[in-house]
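Residue-level structure breakdown
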Amino acid sequence: PGFRAGIQAGDLIISANGTDTSTITMDEVLDILRGPVGETVDLVIRRGKNLEFPVTLTRAIIEVPTVKYDTIISGSQKTGFLRIIEFTPQTGERVQQALDSFQKEKISSLIIDLRNNPGGLITSAVDVADKFVNEGPVVTTKSRLFYENHQYSASSEKTTVRKNIPSVVLINRGSASASEIVSGALKDYHLAY
């Protein structure tokens, strides 16, 4: 909503619904900004040192993109490029949209980019791995308390990627947590390099 209203990085909110933001905490500002979808909030924005102007935002649900994808064409070869930025509740669904697009494009190979992915939800990582792994354990958690131990497994009903597609997973020092689960599962099941 801020982008649509013309707010830019570096702009300062100096007033929200008539309340001077310099006199309240960040949490209080966020309480004013958040609210029912479709309702408006009136802001006064300061850009630079002197430019101040009013903006009315219409509240909306904001989904930060967690997946980006495209097809790389080299001669007659088509490679799907899947970049997973973070593992959120929507990541599995967004990955499936990318895989559906790749299937229509009839890709012959796949690159999964998990570089600088800080991780996220373990259930989302399992959901993504399950699209590749036919069946078996994806990850196991162990705790000092027996009842907190859990094994997350893949099932063939959720597998959507054909097994023989050549795949590569890109990782680096910034790949952590859930991205390590996905890359480890694909490596352990010999589905990707």
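Above this text is the structure in question.
The residue count restarts for each chain, going from 1 along the sequence in the order it is written. Local features in a predicted model are, by the rule used here, given only for residues with pLDDT of at least 70; side-chain atom pairs are given and counted only at 80 or more, and totals for whole chains, interfaces and linings are based on all residues. Side-chain numbers here rest on the full set of heavy atoms in the structure, without hydrogens or water.

Quick notes on the side chain of arginine 59
With respect to the helices and strands, the residue arginine 59 is situated in the loop between strand S4 (51–58) and strand S5 (67–74). Residue contacts are defined here by distance: any two heavy atoms, one from each residue, within 4.5 Å place the two residues in contact. Beyond its immediate stretch of four places on either side in the chain, arginine 59 contacts Asn17, Ile32, Leu33, Arg34, Gly35, Pro36, Val37, Gly38, Glu39, Thr40 and Val41. Secondary structure counts use DSSP, requiring at least four H or I residues in a row for a helix and at least two E residues in a row for a strand, with both numbered from the N terminus.

Details of the sheet that holds strand S1 (residues 12–16)
Strand pairing in a sheet takes place through backbone hydrogen bonds and is either antiparallel or parallel in direction. Spatially, S2-S1-S3-S4 is the arrangement adopted by the four strands of the open sheet, whose pairing is antiparallel. The open sheet has two edge strands with one neighbour each: strand S2 (19–20) and S4. DSSP-based pairing: two strands are paired if at least 2 bridges between them are found. Pairing geometry for strand S3 (residues 40–47) and S4, over eight bridges, is antiparallel. By the bridge assignment for S4, arginine 46 is matched with glutamate 52. Sheet contacts for helix H1 (residues 26–33): S1, S2 and S3; angle to S3, the most-contacted strand, approximately 130 degrees. To get an axis, fit a line to the C-alpha atoms, keeping to the stretch in contact for a helix; angles then go from 0 to 180 degrees between the N-to-C directions.

Notes on the pattern of salt bridges
We define a salt bridge as a contact between a side-chain nitrogen of Lys or Arg and a carboxyl oxygen of Asp or Glu at a distance within 4 Å. One pass over the structure, following the stated rule, counts seven salt bridges. In this structure, glutamate 39 and arginine 59 form a salt bridge, with 3.7 Å as the shortest nitrogen-oxygen distance. Linking glutamate 39 in the loop between H1 and S3 with arginine 59 in the loop between S4 and S5, this pair joins segments that are 20 residues apart in sequence. Between glutamate 93 and arginine 94 there is a salt bridge whose closest N-O contact spans 3.1 Å. Residue glutamate 93 is classed as partly exposed on the basis of its relative accessible area of 49%. The buried label goes to any residue with under 20% of its type's maximum accessible area, the exposed label to any with over 50%, and the partly exposed label to all in between, with areas taken from a 1.4 Å probe on protein chains only.

Considerations on the sheet that holds strand S7 (residues 109–113)
Taking strand neighbours across the sheet as the criterion, the four strands line up as S5-S6-S7-S10 in an open arrangement whose pairing is mixed. The sheet is open, and its two borders are formed by S5 and strand S10 (167–170), each paired with just one other strand. With strand direction ignored, the average angle separating the axes of adjacent strands in the sheet is 15 degrees. As judged from the eight bridges shared by S5 and strand S6 (residues 77–84), these two strands associate in the antiparallel manner. By the bridge assignment for S6, tyrosine 69 is matched with leucine 82.

Observations concerning unusual backbone geometry
Glycine aside, residues mostly have negative phi angles, and peptide bonds mostly take the trans form. Of note, the phi angle at asparagine 17 is positive, near 50 degrees, even though the residue is not glycine. With respect to the helices and strands, the residue asparagine 17 is situated in the loop between S1 and S2. One non-glycine residue, asparagine 116, lies in the positive phi region at around 60 degrees. Within the secondary structure, asparagine 116 sits in the loop between S7 and helix H3 (122–130).

What to know about helix H2 (residues 91–105)
An α-helical segment advances 3.6 residues per turn. Residues three or four places apart therefore align on the same side. Here H2 contains 15 residues, and its C-alpha end-to-end distance of 21 Å stays within 8% of the 21 Å for a straight helix at 1.5 Å per residue. For H2, the full list of buried residues reads Thr91, Gly92, Arg94, Val95, Gln96, Ala98, Leu99 and Phe102. Among the structural elements, S5, S6, S7 and H3 are those in contact with the buried residues of H2. Between the first and last residue of a helix there are one fewer steps than residues, each counted as 1.5 Å, and that sum is the expected span.

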